[in-house]
Amino acid sequence: MDELVSLCKRRGFIYQTNEIYGGLQGLYDYGPLGVELKNNLKNSWWSSMVYERDDVEGLDSSILTHPNVLKYSGHEETFTDPLVDCKDCKSRWRADHIRDNLCPSCGSDNLTEPRPFNLMFKTNVGPVDDGSNFAYLRPETAQQIFTNFKNVIDSTSRVLPFGIAQMGKAFRNEITPRNFIFRVREFEQMELEFFVEPGTDEDWHEKWVKKRIEWWENQGISRESIQIIDVPKKDLSHYSKKTIDIMYKFPHGVEELEGIANRTDFDIGSHTRHQKDFKIESKVIENEHSVTKLAIQNKKTNDWVIPFVIEPSAGVDRGVLAILNESYKIEKFDDGKERTLLALKPHLSPIKAAIIPLKRNNDEIVTKALGIKRILQDLKLGRVLLDNSGNIGKSYRRHDEIGTPMCITVDFQSLDDDTITVRDRDTMKQVRISCKEAPNYFQKNLL
Ligand code: GAP
């Protein structure tokens, strides 16, 4: 993990937040390369969830959330971790992170009994700060999908089965944030809530598990690094009938990357008004505040149905960490030299190609390189960088380390015969192609 953290900082993927003031625990910033990698991962998810399907709509809802949403979702009551205080060194720990009843910081056994600690952040809304006008920072993106259920149906005329996808920030006041961006207090989720007819939920659940494993493999996560866990009944969230966790072999151990839950009819059943008018299978809190009927009509039977929900819920930051870990390699050569390589799938690479002029001060070469950059950039496949550092060897090493799939060199011969050299990141092989071929070559090799 240390090598990865150091690469992330050195090359501009991820920095500790507010570092100049000593930092804030459990919070990170994505630098120039990190933001590209993260956006590429999110775009790939959005594309597979929304664009490549015809049964999913997108949504981008507010982060500040009405307390009633999180009351009826069950979060106010149950979204807690057991907390233990060390009476000697005053540190706080999640009870399940304590080993042998000893404080992990000072080793004391002078610990309090575990007590529940709610993980939601609250903030004041409006000018009066007397505690009565507060909102929560959403702890998951899912809830506003449920509260927008009727809006989306009304504006799209959807029938079951269909889904609503959302990506964005979620906030949890984790007691012990740890392991770099694995467990943080502000993170991003990519969540799909897929609404189905009751009775078809188990089939859909299986389909989504399969689909999600395939997607992670397409992001470069090898099947051998993944474990699939059927979450034991005692560990299920209050809304879940069955959850399958996709676990990844992170540098610090095997932990959850994504959960795919069968949330039953709990969510829509919790947030609808007139709950008694419907057959709701799960145990919901009696709703005294909702002003909207959240149900969908079965066009064949005309019955109003509270749908079951299948939810694939993935963490963006955990995805970034898994992908970085999976693609990070040190290659050793026969002559004793070595290189650091980030073998990212090209669609995730922060920079798609680096255009390198052989001589940084030669106007003709630099102008030609800039022309090629513009042509490739106009294809809108991601960032193409004019790298005019003047040292080709160093540029190659830097681009291997940040995962740039190809480096294109413009030299004196390019001026004579309109050709360029393309170096492949993984094989290090170089080919000479004509500039006219460049857009096709670029497109073909980025897929
Ligand atoms: N809507 C369901 C839900 O939020 P979850 O298992 O609590 O379920 C889903 O979270 C995903 O969000 C996890 O699989 C993980 O990838 C990510 N996640 C949860 N807590 C996180 C944290 N503190 N830091 C980073 N990612 C987190």
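The structure contained in this document is the topic of the report that follows. From a predicted model like this one, the values you see are computed outputs, not experimental measurements.

Section: helix 1 (residues 2-11)
Okay, step 1: For helix 1, the complete set of buried residues consists of Leu 4, Leu 7 and Cys 8. On an axial view of helix 1, the arc spanned by its buried residues comes to 100 degrees, and they lie on one face.

Some details on the side chain of Thr 176
Okay, step 1: By the element assignment, Thr 176 lies in the loop between strand 10 (162-171) and strand 11 (186-196).
Okay, step 2: Within the local environment of Thr 176, its side chain forms a polar contact with the side chain of His 97, the two groups lying 2.9 Å apart.
Okay, step 3: Once residues lying within four places of it in the same chain are set aside, the contact partners of Thr 176 are Arg 92, Trp 93, Arg 94, His 97 and Arg 183.

As for the sheet that holds strand 23 (residues 419-424)
Okay, step 1: Spatially, 21-20-22-23-24 is the arrangement adopted by the five strands of the open sheet, whose pairing is mixed. Here the strands that pair on one side only, and so sit at the sheet edges, are strand 21 (383-386) and strand 24 (430-434). Taking each pair of neighbouring strands and ignoring which way they run, the sheet shows an average axis angle of 25 degrees.
Okay, step 2: The sheet strands contacting helix 11 (residues 392-402) are strand 20 (351-357), strand 21, strand 22 (406-410), strand 23 and strand 24, and the helix crosses strand 20 at an angle near 175 degrees.

Quick word on the pairing of strand 11
Okay, step 1: The buried fraction of strand 11 is high, at 10 of 11 residues.
Okay, step 2: Of the pairings in the sheet, the one linking strand 10 to strand 11 comprises 10 bridges and is antiparallel in character. In the sheet register, Gly 163 faces strand 11, and the bridge partner there is Phe 194.
Okay, step 3: As defined by bridge partners, strand 11 adjoins strand 17 (residues 308-315) across six bridges and the pair is classed as antiparallel. In the sheet register, Phe 195 faces strand 17, and the bridge partner there is Val 309.

A word on the site of the ligand
Okay, step 1: Around the ligand, a shell composed of 19 residues is seen, among which Glu 140, Arg 172, Glu 174, Glu 191 and Glu 256 lie nearest.
Okay, step 2: A distance of 2.7 Å is found between a nitrogen atom of the ligand and a side-chain nitrogen or oxygen belonging to Glu 174.
Okay, step 3: Against a free-state accessible area of 550 Å², the protein chains account for coverage of 91% of the ligand.
Okay, step 4: Elements supplying a minimum of two residues to the shell around the ligand: strand 11, strand 14 (253-262) and strand 17.
Okay, step 5: For the shell around the ligand, the class distribution of residues is five nonpolar, four polar and 10 charged.

Describing the pattern of salt bridges
Okay, step 1: All told, the structure shown has 30 salt bridges when counted by the stated rule.
Okay, step 2: Lys 241 serves as the salt-bridge partner of Glu 202, at 3.0 Å between the closest nitrogen and oxygen. Of this pair, Glu 202 sits in helix 7 (residues 201-218) while Lys 241 sits in the loop between strand 12 (226-230) and strand 13 (242-250), placing them 39 residues apart in sequence.
Okay, step 3: Among the ionic contacts, a cluster of salt bridges with common partners joins Asp 81, Arg 94, Asp 96 and Glu 174.

Section: the packing of aromatic side chains
Okay, step 1: Per the stated rule, a full pass over the model turns up 12 aromatic pairs.
Okay, step 2: Considering the side-chain rings of Phe 134 and Tyr 136, the 5.3 Å spacing of their centres and the 85 degrees angle between planes classify their relative orientation as edge-to-face.
Okay, step 3: Here Tyr 136 falls in the buried class, since its relative accessible area comes to 6%.
Okay, step 4: With a centroid separation of 6.4 Å and 80 degrees between ring planes, the pair formed by Phe 146 and Phe 195 is classed as edge-to-face. In this pair, Phe 146 is assigned in helix 5 (residues 142-147) and Phe 195 in strand 11, connecting sequence segments 49 residues apart.
Okay, step 5: Chaining the aromatic ring pairs together yields one cluster made of Phe 146, Phe 149, Phe 162 and Phe 195.
Okay, step 6: In this structure, Arg 263 packs its charged tip against the face of Tyr 239, placed 3.5 Å from the ring centre.
Okay, step 7: Above the face of the Tyr 396 ring, Arg 423 is positioned so that its terminal group lies 4.4 Å from the ring centre.

Side note on the pairing of strand 17
Okay, step 1: Taken across its eight residues, strand 17 has eight buried, putting it largely inside the fold.
Okay, step 2: Side chains Phe 308, Ile 310, Pro 312 and Ala 314 project from strand 17 onto one buried face, and the interleaved Val 309, Glu 311, Ser 313 and Gly 315 project onto a second face that is buried too.
Okay, step 3: The pairing of strand 14 with strand 17 spans five bridges and is antiparallel. Looking across to strand 17, one finds that Gly 259 is bridged to Ser 313.

Conventions we followed
- Residues numbered from 1 in each chain as written.
- Predicted model: local features only at pLDDT ≥ 70, side-chain atom pairs only at ≥ 80, totals over all residues.
- Heavy atoms only, no water.
- Buried < 20%, exposed > 50% of the residue type's maximum accessible area, 1.4 Å probe, protein only.
- Helix = DSSP H or I, 4+ residues; strand = E, 2+ residues; numbered from the N terminus.
- Arc of directions from axis to C-beta.
- Polar contact = N/O pair within 3.5 Å; in protein donor to acceptor, adjacent residues only side chain to side chain.
- Contact = heavy atoms within 4.5 Å.
- Pairing = 2+ DSSP bridges.
- Axes fitted to C-alpha atoms, helices over the stretch in contact; angles between N-to-C directions.
- Near = heavy atom within 4 Å.
- Areas by Shrake-Rupley, 256 points an atom, 1.4 Å probe, with all protein chains shown as cover.
- Nonpolar A, V, L, I, M, F, W, Y, C, P; charged D, E, K, R; others polar.
- Salt bridge = Lys/Arg side-chain N within 4 Å of Asp/Glu carboxyl O.
- Phe/Tyr/Trp six-rings, centres within 6.5 Å; stacked < 30°, edge-to-face > 60°.
- Lys NZ or Arg CZ within 6 Å of the ring centre and 35° of its normal.

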